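A look at the structure
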Amino acid sequence: RFILGRQLETALSGMFPLIQAHPFGSSVNGFGKMGCDLDLILRVNNDSTTTNDSRLIFHTKTSLSNERSQTQRQMETFGDILHLFLPGVSNVRRILQARVPIIKFNHECLDLEIDLSMSNLTGLYMSELLYLFGEIDERVRPLTFCVRKWASAAGLTNPSPGRWISNFSLTLLVLFFLQQLKNPIIPPMSLLLKLASKKDLRVADDNIDCSFLRDLNLLNFSCNNNDSLSYLLIQFFEFYSQFDFSNRSISLREGKSVAKADHAAMWI
């Protein structure tokens, strides 16, 4: 999976010397399974500021007034490059009118299906957050995987995007449940936000603040819960069988339910 990211960087570095391909999603957040799709975000400009003595500075065209349109046109061109020039790439599909424009393609040499985006930094930072939650307690990931496996077997989830619950939503439901226990297993996000330092500052697309503590050694949280995985699974189903989805929404930031802001069946 990282080899594929490196292949894209190498192929496009002649035009974009600062280009970076970052895997995110299930491949790196610790909640994936063998053979899951690969999510990649392609960044043509390195956001980190580097200083050197060179008088040559890399410039690229930008259009802040219509950034989405420019991203779509860039991705259309990248789709052509993938299809025409990259070994192993096949079945390139451009889905540019989606909320997050993506290019889907298969890599025959690596036996992978890839979703490539250029404007999904929130997904990248969310992967970091989910990884941290999984590192806090060893029961978080197997419980989440079990719930997702059950939902798939029960026909609640679908591999195609649509108006049904997703594995991502199920993961958030599990994390919220673990915050609600009498002895919580993971802390609310607000604690991670409160403990964030300057080096944790991140701002994603549309000025979304994604700053939170990234060093768990500095996390002031202790878990006194010794429940088994099987008992946690039972409690998970009991908790949501009694949850007032009609009037209450789920807030992982606050670690508690809050008044619902929408008429959707479920609000997270």
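So, here is what we can say about the structure in this document. The structure presented is a predicted model; accordingly, all values stated were derived computationally and were not measured.

**A look at helix H2 (residues 67-85)**
If you check H2, its first and last C-alpha atoms are 26 Å apart, about what 19 residues at 1.5 Å a residue would give, namely 27 Å. All of the buried residues along H2 are Gln70, Thr71, Gln72, Gln74, Met75, Phe78, Gly79 and Leu82. In the core, the buried residues of H2 are packed alongside helix H1 (2-12), strand S2 (38-43), strand S3 (89-95), strand S4 (102-107) and strand S5 (112-117).

**What about the side chain of Gln235?**
Looking at the secondary structure, you find Gln235 in helix H7 (residues 229-241). For Gln235, a relative accessible area of 15% corresponds to the buried category. Polar side-chain contacts of Gln235 include one of 3.1 Å to the side chain of Asp227.

**Considering the pattern of salt bridges**
This structure, assessed with the given rule, holds eight salt bridges. Salt-bridge contacts for Glu113 lead to Lys104; the nearest nitrogen and oxygen are separated by 3.6 Å. Classification of Glu113 by relative accessible area gives partly exposed; the value is 24%. Across the pair Glu135 and Arg141 runs a salt bridge whose closest N-O atoms are separated by 3.0 Å. Using a relative accessible area of 39% as the deciding quantity, one classes Glu135 as partly exposed.

**Let's talk about a nonpolar patch on the surface**
Where nonpolar side chains cluster on the molecular surface, the patch consists of Trp150, Leu156 and Phe237 and spans about 270 Å² of accessible area. Tracing the backbone through its elements, the reader meets Leu156 in the loop between helix H4 (140-153) and helix H5 (167-180). Relative accessible area serves as the criterion here: at 41%, Leu156 is assigned to the partly exposed category.

**Here we look at the packing of helix H3 (residues 121-136) against H5**
Where H3 meets H5, the axes come as close as 12 Å, and the angle between the chain directions of the two elements is 40°. Looking at the two axes, H3 sits oblique to H5. For the crossing formed where H3 meets H5, the hand is left-handed. When H3 is examined against H5, the residues Met126, Leu130 and Phe133 are found in contact with a partner set consisting of Phe168, Thr171, Leu172 and Leu175. In terms of residue class, the contact of H3 with H5 is made up of six nonpolar, one polar and no charged.

**Let's talk about the sheet that holds strand S1 (residues 20-24)**
What the five strands build is an open sheet, ordered S1-S2-S5-S4-S3; its pairing is mixed. Edge strands, defined here as strands with exactly one partner in the open sheet, are S1 and S3. Geometrically, the sheet is characterised by an average inter-axis angle of 25° between neighbouring strands, direction not taken into account. Strands S1, S2, S4 and S5 of the sheet are contacted by H1, whose axis makes an angle of about 30° with S2. Its contacts with the sheet place H3 against S1 and S2, and it is angled at close to 50° to S1.

**A word on empty space enclosed by the protein**
For the coordinates displayed, the defined rule picks out one cavity of 30 Å³ or more. Within this model, the largest cavity holds a volume of roughly 40 Å³. Lining the largest cavity are Leu8, Ala11, Leu12, Phe78, Ile81, Leu82, Leu86 and Leu116. Listed by contribution, the elements that provide at least two residues to the lining of the largest cavity are H1 and H2. Its residues assigned to classes, the lining of the largest cavity shows eight nonpolar, no polar and no charged.

What counts, and where the lines are drawn
Residues numbered from 1 in each chain as written. Predicted model: local features only at pLDDT ≥ 70, side-chain atom pairs only at ≥ 80, totals over all residues. Heavy atoms only, no water. Helix = DSSP H or I, 4+ residues; strand = E, 2+ residues; numbered from the N terminus. Expected span 1.5 Å × (residues − 1). Buried < 20%, exposed > 50% of the residue type's maximum accessible area, 1.4 Å probe, protein only. Contact = heavy atoms within 4.5 Å. Polar contact = N/O pair within 3.5 Å; in protein donor to acceptor, adjacent residues only side chain to side chain. Salt bridge = Lys/Arg side-chain N within 4 Å of Asp/Glu carboxyl O. Patch = residues over 30% accessible without salt bridge, like charges linked within 9 Å, V, L, I, M, F, W, Y side chains within 5 Å. Areas by Shrake-Rupley, 256 points an atom, 1.4 Å probe, with all protein chains shown as cover. Axes fitted to C-alpha atoms, helices over the stretch in contact; angles between N-to-C directions. Parallel < 35°, antiparallel > 145°, perpendicular 65-115°, else oblique. Left-handed = near helix turned anticlockwise from the far one by under 90°. Nonpolar A, V, L, I, M, F, W, Y, C, P; charged D, E, K, R; others polar. Pairing = 2+ DSSP bridges. 1 Å grid on protein atoms, 1.4 Å probe; cavity = no way out; pocket = protein on both sides within 12 Å on 5 of 7 lines; lining within 4 Å. Points joined across faces, edges and corners; volume = space filled by probe spheres on them.

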